[in-house]
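Architecture and fold: a report
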Amino acid sequence: FLLQQDLGYALERGELALHYQPKYGAQDGQVVGVEALLRWQHPVHGAISPASFLPLAEKTRLIIPIGNWVIDEACRQMRIWLAAGHDQWSLAVNLSTIQLASPGLLGVVEEALHRHRLEAHHLTLEITESTAMENAEESLLILNRLAELGVKISIDDFGTGYSSLLYLKRFPANELKIDKGFVTSLGQTGEDAAIVSAIIALGHTLGMRIVAEGVETAQQRALLVRLGCDTLQGYLLGRPMPADNLLAHCTGHE
Ligand code: G
Ligand code: G
Ligand code: MN
Ligand code: NA
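Residues numbered from 1 in each chain as written. Chains lettered and ligands numbered in written order. Predicted model: local features only at pLDDT ≥ 70, side-chain atom pairs only at ≥ 80, totals over all residues.

For the rest of this paragraph, the subject is the overall build of the chain. Helices and strands together make up the secondary structure of the chain, namely twelve helices and ten strands. The globule rule puts the C-alpha radius of gyration for 254 residues at 18 Å, and the 18 Å found for the chain is close to it. Sorting the 254 residues of the chain into buried and exposed places 40% on the buried side. Considering only residue pairs separated by 6 or more positions, the chain has 66% of its internal contacts joining residues 24 or more positions apart. (Helix = DSSP H or I, 4+ residues; strand = E, 2+ residues; numbered from the N terminus. Rg over C-alpha atoms; globule rule 2.2 N^0.38 Å. Buried ≥ 20, exposed ≤ 12 C-beta atoms within 10 Å, placed from the backbone. Contact = placed C-beta atoms within 7 Å.)

Attention shifts here to the site of ligand 2. Of all residues adjacent to ligand 2, which total 14 residues, the nearest are Gly214, Glu216, Gly234, Tyr235 and Pro240. Of the residues belonging to the shell around ligand 2, the class tally is four nonpolar, four polar and six charged. (Near = placed C-beta within 6 Å. Nonpolar A, V, L, I, M, F, W, Y, C, P; charged D, E, K, R; others polar.)

The full set of residues close to ligand 1 is Leu37, Leu38, Ser49, Pro50, Ala51, Leu54, Gly67, Val70, Asn94, Leu95, Ser96 and Pro240. Only β2 (31–42), α2 (50–59), α3 (63–83) and β4 (90–95) provide two or more residues apiece to the shell around ligand 1. Ranked by residues supplied to the shell around ligand 1, first place goes to α2 with three residues. Per-class residue counts for the shell around ligand 1 are eight nonpolar, four polar and no charged.

It is worth spelling out the pairing of strand β1 (residues 16–25) at this point. Consecutive side chains along a regular strand alternate between the two faces of the sheet. Two elements, β1 and β2, share nine bridges in a ladder whose sense is antiparallel. When the bridges of β2 are listed, lysine 23 appears paired with glycine 33. Between the antiparallel neighbours β1 and β2 lie five residues, among them glycine 29 with a positive phi of about 75°. Across two bridges, the pairing between β1 and strand β10 (residues 241–242) is antiparallel. Bridged to histidine 19 within β10 is proline 242. Of the strand pairs in this sheet, β1 and strand β9 (residues 231–232) are connected by two bridges, and their pairing is antiparallel. (Pairing = 2+ DSSP bridges.)

Structure (C-alpha coordinates):
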(Lines give C-alpha, C1' and ligand atoms only; values in the text may rest on other atoms or scores of the structure.)
(Ligands and ions follow the chains in the order given, each with its own letter.)
Protein backbone atom coordinates (compact mmCIF):
# COMPACT_ATOMS: atom_id res chain seq x y z
CA PHE A 1 0.00 0.00 0.00
CA LEU A 2 1.54 3.20 -1.27
CA LEU A 3 0.70 5.66 1.50
CA GLN A 4 2.05 3.24 4.09
CA GLN A 5 5.38 2.99 2.26
CA ASP A 6 5.45 6.77 1.84
CA LEU A 7 4.85 7.27 5.55
CA GLY A 8 7.80 5.00 6.27
CA TYR A 9 10.03 7.34 4.28
CA ALA A 10 8.39 10.62 5.32
CA LEU A 11 10.70 11.17 8.28
CA GLU A 12 14.01 10.59 6.51
CA ARG A 13 12.79 12.57 3.49
CA GLY A 14 12.09 15.54 5.74
CA GLU A 15 8.41 15.71 4.79
CA LEU A 16 7.18 15.97 8.37
CA ALA A 17 6.96 19.33 10.11
CA LEU A 18 5.49 20.76 13.27
CA HIS A 19 3.14 23.69 13.42
CA TYR A 20 2.46 25.42 16.71
CA GLN A 21 -0.79 26.74 18.14
CA PRO A 22 -0.67 29.06 21.16
CA LYS A 23 -2.66 28.66 24.37
CA TYR A 24 -3.73 31.95 26.00
CA GLY A 25 -4.54 32.94 29.54
CA ALA A 26 -8.30 33.53 29.59
CA GLN A 27 -8.05 36.65 31.75
CA ASP A 28 -5.13 38.58 30.25
CA GLY A 29 -4.71 36.99 26.81
CA GLN A 30 -1.02 36.27 27.47
CA VAL A 31 0.44 33.23 25.75
CA VAL A 32 0.99 30.54 28.40
CA GLY A 33 2.09 27.73 26.13
CA VAL A 34 2.17 26.31 22.66
CA GLU A 35 0.86 23.00 21.24
CA ALA A 36 2.91 21.21 18.60
CA LEU A 37 0.77 19.78 15.76
CA LEU A 38 2.21 17.40 13.20
CA ARG A 39 1.97 18.10 9.46
CA TRP A 40 2.92 15.84 6.54
CA GLN A 41 3.79 17.56 3.28
CA HIS A 42 3.46 14.70 0.79
CA PRO A 43 5.40 15.25 -2.49
CA VAL A 44 2.40 14.18 -4.61
CA HIS A 45 -0.72 14.46 -2.44
CA GLY A 46 0.23 17.73 -0.72
CA ALA A 47 -0.56 18.48 2.91
CA ILE A 48 -2.03 15.47 4.71
CA SER A 49 -3.69 15.99 8.09
CA PRO A 50 -2.60 13.82 11.01
CA ALA A 51 -6.25 12.84 11.36
CA SER A 52 -5.80 10.88 8.09
CA PHE A 53 -2.39 9.33 8.67
CA LEU A 54 -2.24 8.79 12.44
CA PRO A 55 -4.43 5.67 12.35
CA LEU A 56 -2.04 4.20 9.77
CA ALA A 57 0.98 5.33 11.78
CA GLU A 58 -0.48 3.62 14.84
CA LYS A 59 -1.37 0.40 13.01
CA THR A 60 2.16 0.10 11.55
CA ARG A 61 3.79 1.37 14.76
CA LEU A 62 5.54 4.02 12.65
CA ILE A 63 4.10 6.37 15.26
CA ILE A 64 7.01 5.36 17.51
CA PRO A 65 9.87 6.79 15.39
CA ILE A 66 7.60 9.63 14.20
CA GLY A 67 6.48 10.42 17.76
CA ASN A 68 10.07 10.30 19.00
CA TRP A 69 10.99 12.80 16.32
CA VAL A 70 8.05 15.05 17.33
CA ILE A 71 9.18 15.06 20.97
CA ASP A 72 12.77 15.89 20.06
CA GLU A 73 11.87 18.50 17.44
CA ALA A 74 9.39 20.25 19.73
CA CYS A 75 11.98 20.36 22.54
CA ARG A 76 14.59 21.75 20.13
CA GLN A 77 12.15 24.53 19.20
CA MET A 78 11.25 25.19 22.84
CA ARG A 79 14.94 25.70 23.64
CA ILE A 80 14.97 28.51 21.03
CA TRP A 81 11.87 30.15 22.56
CA LEU A 82 13.39 29.83 26.02
CA ALA A 83 16.47 31.63 24.80
CA ALA A 84 14.12 34.36 23.54
CA GLY A 85 12.85 34.76 27.10
CA HIS A 86 9.66 32.69 27.10
CA ASP A 87 10.55 30.64 30.15
CA GLN A 88 6.97 30.79 31.45
CA TRP A 89 5.74 28.74 28.47
CA SER A 90 5.12 25.02 28.44
CA LEU A 91 5.42 23.24 25.11
CA ALA A 92 2.67 20.65 24.56
CA VAL A 93 3.15 17.46 22.54
CA ASN A 94 0.30 15.05 21.70
CA LEU A 95 0.88 11.37 22.49
CA SER A 96 -0.94 8.49 20.85
CA THR A 97 -2.10 5.31 22.56
CA ILE A 98 0.77 3.26 21.13
CA GLN A 99 3.32 5.80 22.35
CA LEU A 100 1.91 5.86 25.87
CA ALA A 101 2.11 2.06 26.03
CA SER A 102 5.64 1.95 24.61
CA PRO A 103 8.33 1.00 27.16
CA GLY A 104 10.80 3.47 25.62
CA LEU A 105 8.69 6.58 26.20
CA LEU A 106 10.19 7.67 29.51
CA GLY A 107 13.74 7.39 28.16
CA VAL A 108 12.86 9.30 25.00
CA VAL A 109 11.35 12.14 27.03
CA GLU A 110 14.29 12.29 29.45
CA GLU A 111 16.78 12.27 26.61
CA ALA A 112 15.03 15.08 24.71
CA LEU A 113 14.83 17.24 27.85
CA HIS A 114 18.50 16.61 28.54
CA ARG A 115 19.70 17.16 24.97
CA HIS A 116 17.90 20.50 24.67
CA ARG A 117 18.57 21.54 28.28
CA LEU A 118 14.91 21.99 29.19
CA GLU A 119 13.44 21.75 32.63
CA ALA A 120 10.73 19.10 32.75
CA HIS A 121 7.95 21.62 33.42
CA HIS A 122 8.67 23.17 30.04
CA LEU A 123 7.14 20.07 28.46
CA THR A 124 3.44 19.15 28.60
CA LEU A 125 2.25 15.81 27.29
CA GLU A 126 -1.33 15.79 25.96
CA ILE A 127 -3.07 12.43 26.22
CA THR A 128 -6.64 12.06 25.08
CA GLU A 129 -9.22 10.99 27.60
CA SER A 130 -9.84 7.87 25.48
CA THR A 131 -6.15 6.90 25.46
CA ALA A 132 -5.77 7.52 29.18
CA MET A 133 -8.86 5.49 30.06
CA GLU A 134 -8.26 2.63 27.60
CA ASN A 135 -5.92 0.80 29.99
CA ALA A 136 -6.41 3.09 32.92
CA GLU A 137 -4.28 1.14 35.40
CA GLU A 138 -1.29 1.08 33.02
CA SER A 139 -1.87 4.73 32.09
CA LEU A 140 -1.73 5.61 35.76
CA LEU A 141 1.67 3.92 36.16
CA ILE A 142 3.30 5.64 33.19
CA LEU A 143 1.66 9.02 33.90
CA ASN A 144 2.94 8.85 37.47
CA ARG A 145 6.48 8.21 36.24
CA LEU A 146 6.25 11.10 33.78
CA ALA A 147 4.85 13.35 36.50
CA GLU A 148 7.70 12.34 38.82
CA LEU A 149 10.09 13.64 36.16
CA GLY A 150 8.25 16.96 36.42
CA VAL A 151 6.62 16.81 33.01
CA LYS A 152 3.10 18.30 32.92
CA ILE A 153 0.18 16.09 31.95
CA SER A 154 -2.87 17.27 30.03
CA ILE A 155 -6.04 15.27 29.39
CA ASP A 156 -7.09 16.13 25.83
CA ASP A 157 -10.48 15.96 24.05
CA PHE A 158 -12.21 15.66 27.41
CA GLY A 159 -15.88 14.79 27.25
CA THR A 160 -15.65 12.52 24.20
CA GLY A 161 -14.48 9.33 25.92
CA TYR A 162 -15.79 7.13 28.67
CA SER A 163 -14.23 8.59 31.76
CA SER A 164 -13.89 6.86 35.04
CA LEU A 165 -13.99 9.69 37.52
CA LEU A 166 -12.10 7.49 39.97
CA TYR A 167 -9.18 7.33 37.54
CA LEU A 168 -9.51 10.96 36.57
CA LYS A 169 -9.06 11.72 40.25
CA ARG A 170 -5.95 9.52 40.47
CA PHE A 171 -4.25 10.69 37.25
CA PRO A 172 -1.49 13.23 38.02
CA ALA A 173 -2.91 15.66 35.45
CA ASN A 174 -2.32 19.41 35.56
CA GLU A 175 -4.69 20.31 32.77
CA LEU A 176 -8.04 19.29 31.31
CA LYS A 177 -8.89 20.29 27.73
CA ILE A 178 -12.60 20.55 27.03
CA ASP A 179 -13.25 19.04 23.62
CA LYS A 180 -14.08 21.56 20.91
CA GLY A 181 -17.37 19.78 20.32
CA PHE A 182 -18.74 21.44 23.45
CA VAL A 183 -17.21 24.81 22.61
CA THR A 184 -18.59 24.91 19.05
CA SER A 185 -22.23 24.86 20.11
CA LEU A 186 -21.70 27.05 23.15
CA GLY A 187 -24.23 29.84 23.36
CA GLN A 188 -26.77 28.11 21.11
CA THR A 189 -28.51 26.32 23.94
CA GLY A 190 -28.05 26.48 27.68
CA GLU A 191 -27.12 22.82 27.68
CA ASP A 192 -23.53 23.14 26.51
CA ALA A 193 -22.87 26.00 28.92
CA ALA A 194 -24.12 23.78 31.74
CA ILE A 195 -21.86 20.91 30.63
CA VAL A 196 -18.82 23.18 30.25
CA SER A 197 -19.54 24.69 33.64
CA ALA A 198 -19.74 21.22 35.20
CA ILE A 199 -16.44 20.15 33.57
CA ILE A 200 -14.76 23.31 34.85
CA ALA A 201 -16.03 22.67 38.38
CA LEU A 202 -14.91 19.03 38.21
CA GLY A 203 -11.45 19.91 36.89
CA HIS A 204 -10.92 22.68 39.43
CA THR A 205 -11.97 20.35 42.23
CA LEU A 206 -9.28 17.93 41.06
CA GLY A 207 -6.69 20.71 40.95
CA MET A 208 -6.49 21.01 37.17
CA ARG A 209 -6.38 24.05 34.96
CA ILE A 210 -9.11 24.09 32.32
CA VAL A 211 -8.38 24.71 28.66
CA ALA A 212 -11.13 25.29 26.11
CA GLU A 213 -10.07 24.32 22.60
CA GLY A 214 -11.70 25.26 19.31
CA VAL A 215 -12.61 28.80 20.34
CA GLU A 216 -13.74 30.44 17.10
CA THR A 217 -16.01 33.34 18.07
CA ALA A 218 -15.86 36.29 20.45
CA GLN A 219 -19.16 35.12 21.91
CA GLN A 220 -17.67 31.73 22.82
CA ARG A 221 -14.64 33.42 24.35
CA ALA A 222 -16.74 35.76 26.49
CA LEU A 223 -18.88 32.90 27.77
CA LEU A 224 -15.85 30.68 28.53
CA VAL A 225 -14.20 33.49 30.49
CA ARG A 226 -17.44 34.04 32.41
CA LEU A 227 -17.74 30.32 33.18
CA GLY A 228 -14.25 30.35 34.72
CA CYS A 229 -12.11 28.73 32.04
CA ASP A 230 -8.37 29.27 32.68
CA THR A 231 -6.92 28.94 29.20
CA LEU A 232 -8.24 29.42 25.66
CA GLN A 233 -7.12 27.98 22.36
CA GLY A 234 -8.65 28.28 18.90
CA TYR A 235 -8.77 29.97 15.52
CA LEU A 236 -10.19 33.19 17.03
CA LEU A 237 -6.96 33.75 18.95
CA GLY A 238 -4.35 31.93 16.88
CA ARG A 239 -4.22 29.17 14.29
CA PRO A 240 -1.53 26.52 14.15
CA MET A 241 1.45 28.19 12.43
CA PRO A 242 5.07 27.50 11.53
CA ALA A 243 7.56 28.20 14.33
CA ASP A 244 8.98 31.15 12.40
CA ASN A 245 5.66 33.05 12.57
CA LEU A 246 4.99 32.42 16.24
CA LEU A 247 7.06 35.10 17.98
CA ALA A 248 5.74 37.83 15.68
CA HIS A 249 2.20 36.63 16.41
CA CYS A 250 2.87 36.66 20.15
CA THR A 251 4.27 40.18 20.30
CA GLY A 252 0.90 41.28 18.96
CA HIS A 253 -0.70 39.55 21.94
CA GLU A 254 1.60 40.67 24.77
O1 G B 1 -3.90 19.79 13.78
P2 G B 1 -5.02 18.87 13.44
O3 G B 1 -6.40 19.35 13.71
O4 G B 1 -4.97 18.48 11.99
O5 G B 1 -4.80 17.50 14.24
C6 G B 1 -5.63 16.41 14.05
C7 G B 1 -5.42 15.39 15.15
O8 G B 1 -4.06 14.93 15.14
C9 G B 1 -5.68 15.92 16.54
O10 G B 1 -6.43 14.96 17.23
C11 G B 1 -4.30 16.04 17.15
O12 G B 1 -4.32 15.80 18.54
C13 G B 1 -3.54 14.96 16.44
N14 G B 1 -2.11 15.25 16.40
C15 G B 1 -1.52 16.34 15.89
N16 G B 1 -0.18 16.27 16.02
C17 G B 1 0.07 15.10 16.65
C18 G B 1 1.27 14.44 17.07
O19 G B 1 2.39 14.94 16.93
N20 G B 1 1.14 13.23 17.66
C21 G B 1 -0.06 12.65 17.85
N22 G B 1 -0.10 11.46 18.43
N23 G B 1 -1.22 13.24 17.48
C24 G B 1 -1.15 14.45 16.89
O1 G C 1 -7.10 16.56 19.34
P2 G C 1 -6.35 17.82 19.51
O3 G C 1 -7.05 18.75 20.43
O4 G C 1 -4.92 17.67 19.87
O5 G C 1 -6.34 18.51 18.09
C6 G C 1 -6.40 19.85 17.91
C7 G C 1 -6.92 20.02 16.51
O8 G C 1 -7.88 21.05 16.47
C9 G C 1 -5.84 20.38 15.56
O10 G C 1 -6.05 19.68 14.39
C11 G C 1 -6.06 21.86 15.30
O12 G C 1 -5.63 22.21 14.01
C13 G C 1 -7.57 21.96 15.45
N14 G C 1 -8.03 23.26 15.87
C15 G C 1 -7.37 24.16 16.63
N16 G C 1 -8.14 25.26 16.85
C17 G C 1 -9.31 25.04 16.22
C18 G C 1 -10.51 25.80 16.09
O19 G C 1 -10.67 26.90 16.60
N20 G C 1 -11.50 25.23 15.36
C21 G C 1 -11.39 24.00 14.80
N22 G C 1 -12.43 23.54 14.09
N23 G C 1 -10.28 23.26 14.90
C24 G C 1 -9.24 23.76 15.61
MN1 MN D 1 -4.13 18.26 21.70
NA1 NA E 1 -8.10 18.22 21.76
